[in-house]
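Spelled out, the chains give:
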Amino acid sequence: MLIGGVLGYVFRERVQQTMRQEMRSTMALYGSRREITQAWDLTQERLQCCGVDTWHDWNRYGLVPESCCQELFGGQRKECALFPNITNLYNQGCLYVATNFIRDHAAVIGGTSIAVAILMIFGMIFSCLLFNMIE
């Protein structure tokens, strides 16, 4: 886990390129595969973003999803599927928002990873000690 975290940091640009490619490839499957549709809708609603880099990414695949439409209140959304523009939908791309979220919460993610790695090391040490006591 520790090595994975270090490699993720060292190759962070490559990780971002891979994320962009994977996100673009799943856009074509939106609406035809339930898991992908739910994942995109949940991501766009929670992060308040649309598309990979911008909402124009959806133009290649048909209409802009309803999850891109800005929320008014209580789950109601502005109508944006037929006439999308910057006033009725989320303007930022999901890759940008997700990258910023990870960057803003890097200390928590890193600290948690280090704590789990330390717990795993202690677990291995105690299991070796217990094994020696059994013999």
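Looking up the protein chain in an unreviewed UniProt entry gives the name CD151 antigen, with the organism given as Drosophila arizonae. In its Subcellular location (unreviewed entry) section, UniProt records this for the protein chain: "Membrane".

K.L.:
A description of the side chain of Ser67 should follow, citing residues and the corresponding values.
P.N.:
Mapped onto the elements, Ser67 comes out in the loop between α3 (34-47) and β1 (71-73). The exposure class of Ser67 is buried, given its relative accessible area of 3%. One polar contact links Ser67 to Asp41, side chain to side chain, over a distance of 2.8 Å. Those residues in contact with Ser67 that sit more than four places away from it in its chain are Tyr30, Trp40, Asp41, Gln44, Glu45, Arg77 and Tyr90.

K.L.:
Provide a residue-level description of the environment of Gln92, including the pertinent values.
P.N.:
If you trace the backbone, Gln92 turns up in the loop between β2 (76-77) and α4 (94-104). According to the relative accessible area criterion, Gln92 is partly exposed, its value standing at 40%. Taking the C-alpha atoms as reference points, Gln92 and Cys50, separated by 42 residues in sequence, lie 6.2 Å from one another. For Gln92, the residues in contact, after removing those within four places along its chain, are Cys49, Cys50 and Val97.

K.L.:
Before we move on, can you summarise the UniProt feature "transmembrane region" (unreviewed entry) in the protein chain with the specific residues and values?
P.N.:
Sequence positions flagged by UniProt for "transmembrane region" (unreviewed entry) are, in local numbering, residues 106-131. Within residues 106-131, the helical portion is 100% and the strand portion 0%, while the C-alpha atoms at the span's ends are 37 Å from each other.

K.L.:
How would you sum up the packing of helix α2 (residues 12-27) against α4? Please name residues and give values.
P.N.:
Contact geometry for α2 and α4: axes closest at 11 Å, N-to-C directions at 140 degrees. Looking at the two axes, α2 sits oblique to α4. Along this stretch, α2 crosses α4, giving a crossing that reads as right-handed. Along its contact with α2, which presents Gln16, Met19, Arg20 and Met23, the element α4 presents Cys94, Leu95 and Thr99. Residue composition of the contact of α2 with α4, by class: four nonpolar, two polar and one charged.

K.L.:
Tell me about α3, residues and numbers included.
P.N.:
A rise of 1.5 Å per residue sets the reference length of α3, with its 14 residues, at 20 Å; its end C-alpha atoms lie 20 Å apart and thus fit the reference within 8%. Along α3, the positions that sit buried rather than exposed are Ile36, Thr37, Trp40, Asp41 and Gln44. Buried residues of α3 fall within an arc of 130 degrees about the axis and therefore sit on the same side. Along α3, the residues that are exposed and aim more than 90 degrees away from the buried face are Arg34 and Arg46.

K.L.:
For the packing of aromatic side chains, give the residues involved together with the corresponding values.
P.N.:
All told, the structure shown has three aromatic pairs when counted by the stated rule. Both rings, one in Tyr30 and one in Trp58, keep their centres 5.0 Å apart while their planes meet at 65 degrees; by these two values the pair is edge-to-face. In this pair, Tyr30 is assigned in the loop between α2 and α3 and Trp58 in the loop between α3 and β1, connecting sequence segments 28 residues apart. For Trp58, a relative accessible area of 1% gives the class buried. On the numbers, 6.4 Å between centres and 25 degrees between planes, the contact of Phe122 with Phe126 is stacked. One end of the pair, Phe122, and the other, Phe126, are both in helix α5 (residues 106-134), four residues apart, so they sit about a helical turn from each other.

About the criteria used
- Residues numbered from 1 in each chain as written.
- Predicted model: local features only at pLDDT ≥ 70, side-chain atom pairs only at ≥ 80, totals over all residues.
- Heavy atoms only, no water.
- UniProt positions renumbered as here; feature names shortened; annotations may be inferred.
- Helix = DSSP H or I, 4+ residues; strand = E, 2+ residues; numbered from the N terminus.
- Buried < 20%, exposed > 50% of the residue type's maximum accessible area, 1.4 Å probe, protein only.
- Polar contact = N/O pair within 3.5 Å; in protein donor to acceptor, adjacent residues only side chain to side chain.
- Contact = heavy atoms within 4.5 Å.
- Axes fitted to C-alpha atoms, helices over the stretch in contact; angles between N-to-C directions.
- Parallel < 35°, antiparallel > 145°, perpendicular 65-115°, else oblique.
- Left-handed = near helix turned anticlockwise from the far one by under 90°.
- Nonpolar A, V, L, I, M, F, W, Y, C, P; charged D, E, K, R; others polar.
- Expected span 1.5 Å × (residues − 1).
- Arc of directions from axis to C-beta.
- Phe/Tyr/Trp six-rings, centres within 6.5 Å; stacked < 30°, edge-to-face > 60°.

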